[in-house]
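# Architecture at a glance
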Amino acid sequence: RNYGLEMTLERFYHNRFYYLATVSLYESQFKALADEDFRTSRFNGNFASNFLIGKEFQIGSKEKNRTIAVNAKVTYVGGARYTPIDLASSIEDNETVLFDNQYLGKRGDNVFKTDIGLSYRRDREKTTHEFKIDLQNVTNNQAVVEEYFDDRRGEIETAKQWPFFPNVIYTIQF
C-alpha cells in the first residue's frame, strides 16, 4: 500500500520557457504473506522532489527553424531500503548472507542529482535533427545506495549512485 501527499507547481511551455516543481511525501508498504503484517517496502524513501526548468532560443530567421535549448533538472530523493549483510556468516559461506530478522532494515543515503542539457535542433519539412549534450549528475554526488559482500576480499562494500556521466546524442525524427 502506498499513501502520501504530493504538491506540484508547473508553468506549461509558453514563450519557449517552462518549469515544474514537485514534492512528494509518502509511505510505501507491503503485506507479508507469513504473518500478514505491513512492512516497509524497498522503495520507501519517504520523500521525492524534483525541479525542472528549460528555455529555448530561436536562432537566425524563423524560416530556418533552428533552436538552441537549455534545460536543468535537480532531484533529491530519500534513500532506498535494503537488508543488512551478516558479515561473519557471509565470510563463512563465501557468499552474501543477509540478516533475515532485519529485512529492509537499512536505508541508503538520500540521493541528490543535478542534470544539465544543451541542445541544438533544426526542424525541416520532413525531418528534425537534434544534437544534444546531456550532463548527468554534474555535482558528482556519491550517495551510498546499498551494500554488498565482496567475497574475494571478505568485506562489505558500498554501492554508490551513478557518478558524473556525459551523454552526447544525435537524433533524427521522420
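Residues numbered from 1 in each chain as written. Predicted model: local features only at pLDDT ≥ 70, side-chain atom pairs only at ≥ 80, totals over all residues. Heavy atoms only, no water.

## Looking at unusual backbone geometry
- Of note in this structure, Leu 104 is not a glycine but carries a positive phi near 55°.
- Summarising the element assignment, Leu 104 is placed in the loop between α1 (87-93) and β7 (106-107).
- The residue Asn 137 is not glycine, and still its phi comes out positive at about 55°. (Helix = DSSP H or I, 4+ residues; strand = E, 2+ residues; numbered from the N terminus.)

## Things to note about the environment of Ser 119
- Tracing the backbone through its elements, the reader meets Ser 119 in strand β8 (residues 111-123).
- Along the primary structure Ser 119 and Tyr 170 are separated by 51 residues, whereas in three dimensions their C-alpha atoms are 9.5 Å apart.
- Among residues more than four places away in sequence, those in contact with Ser 119 are Thr 67, Ile 68, Ala 69, Glu 130, Phe 131 and Lys 132. (Contact = heavy atoms within 4.5 Å.)

## So, the pattern of salt bridges
- Taken as a whole, this structure holds nine salt bridges when the rule is applied.
- As a salt-bridge pair, Glu 147 and Lys 106 come within 3.1 Å of each other at their nearest N and O atoms. Taken together, the residues Glu 147 in strand β10 (residues 144-150) and Lys 106 in strand β7 connect sequence positions 41 residues apart.
- With relative accessibility at 32%, the residue Lys 106 sits in the partly exposed group.
- What emerges from the salt-bridge pattern is a single network uniting Arg 16, Glu 56, Arg 121 and Asp 123. (Salt bridge = Lys/Arg side-chain N within 4 Å of Asp/Glu carboxyl O. Buried < 20%, exposed > 50% of the residue type's maximum accessible area, 1.4 Å probe, protein only.)

## Considerations on the packing of aromatic side chains
- Under the definition given, this model contains five aromatic pairs.
- Here the aromatic rings of Phe 30 and Tyr 103 are separated by 6.1 Å at their centres, their planes lie at 85°, and the arrangement is edge-to-face. Highlighted residues: Phe 30 in strand β2 (residues 17-31) and Tyr 103 in the loop between α1 and β7, separated in sequence by 73 residues.
- We classify Tyr 103 as partly exposed; its relative accessible area is 47%.
- Both rings, one in Trp 162 and one in Phe 165, keep their centres 6.4 Å apart while their planes meet at 65°; by these two values the pair is edge-to-face.
- Exposure remark for Trp 162: the relative accessible area of 68% places this residue in the exposed category.
- With relative accessibility at 40%, the residue Phe 165 sits in the partly exposed group.
- Within the aromatic cluster, the residues linked to one another by ring pairs are Phe 47, Tyr 76 and Phe 112.
- Just above the ring of Phe 57 sits the side chain of Lys 55; from NZ or CZ to the centre is 5.6 Å. (Phe/Tyr/Trp six-rings, centres within 6.5 Å; stacked < 30°, edge-to-face > 60°. Lys NZ or Arg CZ within 6 Å of the ring centre and 35° of its normal.)

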